[in-house]
Amino acid sequence: MRIVAPALALVLLASPVWAKEVGLVGEATIGGASRHVTLRLACDPAHAGLSAALTVPRFADLSATFAFDAFEGPGGTGKPLTAIRVAGANGVRSMIAPASGAVAADPATSFTLTVAGPRRTESPLRGIAPGLAEANARIVWTQSSPRAGDAAIIATFPVIDAAVIRKVIEPCAGP
């Protein structure tokens, strides 16, 4: 199911057993440009655990402002240039971690930055997981570029349906 509304969309991809990922549509500013972006929260309890992926459409238009290519492949930067902050009624939670990046498969004009741990128990997202599923929270992903002088990507996502997010991340958010 995909519901699209300006800056307030929620996408749920579900298997017959339990939901594995949920997507939110938000707004990002990159220098003087702004555009709709997506945030995908995924749970793979047997392997990768909790992950978050920010997808920026038409990224090639922004290459003079942000070094997307510095995040690509095994030689991509491993610097902790990603900050994710969740603000809600129960306070503010934040984390800083490295992100890996790749040109998205569909559409190929998008670039996806992903934060995930090497193993389920090491996900940098575990500390902010309770806030991700908090009603009326706001998720802010700030992605810095490793290239000096570049603008940061600042993407904001409202948590519209906390119950859906909770259902997705719960198997990966526990001890």
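Refer to the structure above for everything that follows.
Predicted, not measured: the structure shown is a model, and the values here were computed from it.

> Please explain the environment of A83 as it appears in this structure.
Examined against the element boundaries, A83 turns out to sit in strand β6 (residues 82-88). Remark: the alpha-carbon pair of A83 and Q143, spanning 60 residues in sequence, is separated by 6.5 Å. In this structure A83 touches M95, I96, V140, W141 and T142, once residues within four positions along its chain are discounted.

> Mind showing me how you'd approach the packing of aromatic side chains here?
Aromatic rings in a pair are described by how distant their centres are and how their planes are angled relative to each other. In this structure the tally under the stated criterion is five aromatic pairs. Ring centres of F59 and F68 lie 5.5 Å apart, and the angle between their planes is 70 degrees; this geometry places the pair in the edge-to-face category. Residue F59 is classed as buried on the basis of its relative accessible area of 15%. With a relative accessible area of 2%, F68 lands in the buried category. Here a set of aromatic residues connected by ring pairs shows up, and it is made of F59, F66, F68, F71 and F111.

> When you look at the state of the cysteines in this model, what are you seeing that I'm missing?
Defined simply, a disulfide is a covalent bond joining two cysteines at their sulfur atoms. If you walk through the whole model with that rule in mind, you get one disulfide. Bridging C43 to C172, the disulfide has an S-S length of 2.1 Å. Looking along the S-S bond of the C43-C172 disulfide, the torsion reads about 90 degrees, which is the right-handed sense. With C43 in strand β4 (residues 33-44) and C172 in helix α2 (residues 162-173), the pair connects residues that are 129 residues apart, well separated along the chain.

> Would you explain the nonpolar core in this entry?
Looking at soluble globular proteins, one finds that nonpolar side chains tend to be buried together. Counting 44 residues, the largest nonpolar core has L41, L54, I139, W141, I153, I165 and I169 as its most contacted members. The biggest single contributor to this core is α2, with six residues.

> Help me understand the pairing of strand β10 (residues 138-143), please; the structure alone is not making it clear to me.
Along a regular strand, successive side chains alternate from one face of the sheet to the other. Relative to β10, β6 runs antiparallel, the two sharing six bridges. Across the sheet, I84 pairs through a bridge with W141, a residue of β10. For β10 and strand β11 (residues 153-158), the ladder comprises six bridges, and the chain directions are antiparallel. Considered in β11, the bridge of W141 is made with A155.

> Please clarify how α2 should be interpreted in this entry.
Spacing of three or four residues puts side chains on the same side of an α-helix, whose turn is 3.6 residues. The terminal C-alpha atoms of α2, which comprises 12 residues, lie only 14 Å apart, well short of the 16 Å expected from a rise of 1.5 Å per residue. Within the sequence span of α2, burial applies to A162, V164, I165, V168, I169 and C172. The arc that holds the buried residues of α2, viewed along the axis, is 155 degrees, so those residues lie on one side. Summarising the geometry of α2, the exposed residues directed more than 90 degrees from the buried face are K167 and E170.

Conventions and cut-offs
Residues numbered from 1 in each chain as written. Predicted model: local features only at pLDDT ≥ 70, side-chain atom pairs only at ≥ 80, totals over all residues. Heavy atoms only, no water. Helix = DSSP H or I, 4+ residues; strand = E, 2+ residues; numbered from the N terminus. Contact = heavy atoms within 4.5 Å. Phe/Tyr/Trp six-rings, centres within 6.5 Å; stacked < 30°, edge-to-face > 60°. Buried < 20%, exposed > 50% of the residue type's maximum accessible area, 1.4 Å probe, protein only. Disulfide = S-S within 2.5 Å. Core = buried A, V, L, I, M, F, W, Y, C linked by side-chain atoms within 4.5 Å. Pairing = 2+ DSSP bridges. Expected span 1.5 Å × (residues − 1). Arc of directions from axis to C-beta.

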